[in-house]
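Report on the structure
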Amino acid sequence: GDSVTQMEGPVTLSEEAFLTINCTYTATGYPSLFWYVQYPGEGLQLLLKATKADDKGSNKGFEATYRKETTSFHLEKGSVQVSDSAVYFCALLNTGFQKLVFGTGTRLLVSP
Amino acid sequence: NAGVMQNPRHLVRRRGQEARLRCSPMKGHSHVYWYRQLPEEGLKFMVYLQKENIIDESGMPKERFSAEFPKEGPSILRIQQVVRGDSAAYFCASSPQQGGNTEAFFGQGTRLTVV
C-alpha cells in the first residue's frame with residue numbers, strides 16, 4: 001500500500017539556519033503530495049502542495065519539489081524563525097482515493 | 001466563513017464509557033474525513049463520509065467505533081466502551097469535493113483521554 005517516510009526528529013536549529021526535512025513516498029499511480037504543519041495544541045494546516053512531477057510548492061518561505069525519479073518531496077527553508085517551531089507532516093493523496101496518507105511527522109525546534 | 005469546528009476540544013472518559021466526538025464541516029463542504037493521531041505518531045485515516053453515506057470506513061476498528069454524517073447537523077464519531085488504547089487526538093477534515101487536488105481543511109481536534 002501507499003506509504004510516506006519522514007526523517008525522525010526532533011530537528012533542532014538556531015534561528016536563521018537552513019532547514020531540510022526529508023520525505024520519501026511509495027505509491028502506485030501519480031499522487032499529489034502535501035506538507036502540513038501542526039502548531040502546539042492545534043490542528044493541521046496545509047503548508048504547501050504539488051500535484052505532479054517537477055512541480056514546486058511554496059509558501060511562507062518554505063518550498064518542496066515533487067521528484068518522481070527519487071520519489072521524494074523534501075521540505076526546505078532558507079532561514080528558519082523561532083515561530084516555525086512545530087511538527088511537520090508529509091502526506092500523499094493518490095488518484096481515485098480519498099484518504100491522505102501521512103508520515104509520522106518531524107518536530108522542528110528553533111532556538112533564538 | 002468559520003473553519004472546521006470540532007467539539008469538545010478535550011474529553012475525558014472512564015474505561016467502559018462512551019465517547020461522542022462532533023465535527024461541523026466548513027460551510028459548503030459535503031465531504032468529511034476522520035483521522036486518529038496516537039501519541040508521537042502521524043495521522044491515520046479512519047473513515048470518509050458524505051451526507052448520509054459512509055464512503056470508505058477501511059480505517060475504522062471493526063468493533064466499538066462508528067461514524068455518521070446526517071442530513072442535518074454535525075458528523076459524529078462514536079466510540080463505545082472506551083479503553084485506554086483509544087486515548088488519542090481525533091481530527092476531522094472537510095472538503096467541498098473529492099479529488100486529488102482538493103485541499104482538505106482540518107479542525108483543531110478532540111483530545112480523548114481514557115482513565
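Keep in mind the model is a prediction, meaning the values are calculated, not measured.

Residue and element names in this part refer to chain A. Read across the open sheet, the 4 strands follow the order E3-E9-E8-E7; overall the sheet is antiparallel. Two strands lie at the open edges of the sheet, namely strand E3 (19–21) and strand E7 (56–59), each paired on one side alone. Adjacent strand axes in the sheet meet at a mean angle of 15° when their direction is disregarded. Examined bridge by bridge, E3 and strand E9 (residues 75–77) share 3 bridges and lie antiparallel to one another. Pairing of Leu19 across the sheet is with Lys77, part of E9.

Attention shifts here to the nonpolar core. Residues and elements named next belong to chain A. Leu19, Trp35, Leu48, Phe73, Leu75 and Tyr88 are the most contacted members of the largest nonpolar core, which totals 25 residues. Among the secondary structure elements, those contributing two or more residues to this core are strand E2 (11–14), E3, strand E4 (23–26), strand E5 (32–38), strand E6 (44–50), strand E8 (62–65), strand E10 (86–93) and strand E12 (106–111). Looking at which element gives the most residues to this core, the answer is E10, with 4 residues. Apart from the residues lying within four places of it in its own chain, the contact partners of Phe73 are Cys23, Leu33, Phe34, Trp35, Leu48, Lys49, Ala50, Ala64, Thr65, Tyr66 and Cys90.

Another point: the state of the cysteines. All names here are of chain A. Under the counting rule described, the total for this entry stands at 2 disulfides over all chains. Disulfide partner of Cys23: Cys90, at an S-S distance of 2.0 Å. Between Cys23 and Cys90 the sulfur-sulfur dihedral comes to about -70°; the bridge is accordingly left-handed. Of this pair, Cys23 sits in strand E4 while Cys90 sits in strand E10, and the two are 67 residues apart along the sequence. On the basis of relative accessible area, Cys23 is assigned to the buried category, the value being 1%.

Counting residues at the interface gives 20 residues for chain A, matched by 23 residues for chain B. Summing the contributions of chain A and of chain B, the shared interface buries around 1,800 Å²; its carbon and sulfur component is 50%. Where chain A touches chain B, the interface holds 1 salt bridge. Scanning the region where chain A abuts chain B turns up 5 residue pairs in polar contact (both at pLDDT 80 or more). Listing elements by their share of the side of chain A that touches chain B, those giving two or more residues are E5, E6 and E10 of chain A. A per-element tally of the side of chain A that touches chain B places E5 of chain A first, with 4 residues. For the side of chain A that touches chain B, the residue count by class is 8 nonpolar, 8 polar and 4 charged.

Conventions and cut-offs
- Residues numbered from 1 in each chain as written.
- Chains lettered and ligands numbered in written order.
- Predicted model: local features only at pLDDT ≥ 70, side-chain atom pairs only at ≥ 80, totals over all residues.
- Heavy atoms only, no water.
- Pairing = 2+ DSSP bridges.
- Helix = DSSP H or I, 4+ residues; strand = E, 2+ residues; numbered from the N terminus.
- Axes fitted to C-alpha atoms, helices over the stretch in contact; angles between N-to-C directions.
- Core = buried A, V, L, I, M, F, W, Y, C linked by side-chain atoms within 4.5 Å.
- Buried < 20%, exposed > 50% of the residue type's maximum accessible area, 1.4 Å probe, protein only.
- Contact = heavy atoms within 4.5 Å.
- Disulfide = S-S within 2.5 Å.
- Buried area = accessible area lost by both parts, 1.4 Å probe.
- Salt bridge = Lys/Arg side-chain N within 4 Å of Asp/Glu carboxyl O.
- Polar contact = N/O pair within 3.5 Å; in protein donor to acceptor, adjacent residues only side chain to side chain.
- Nonpolar A, V, L, I, M, F, W, Y, C, P; charged D, E, K, R; others polar.

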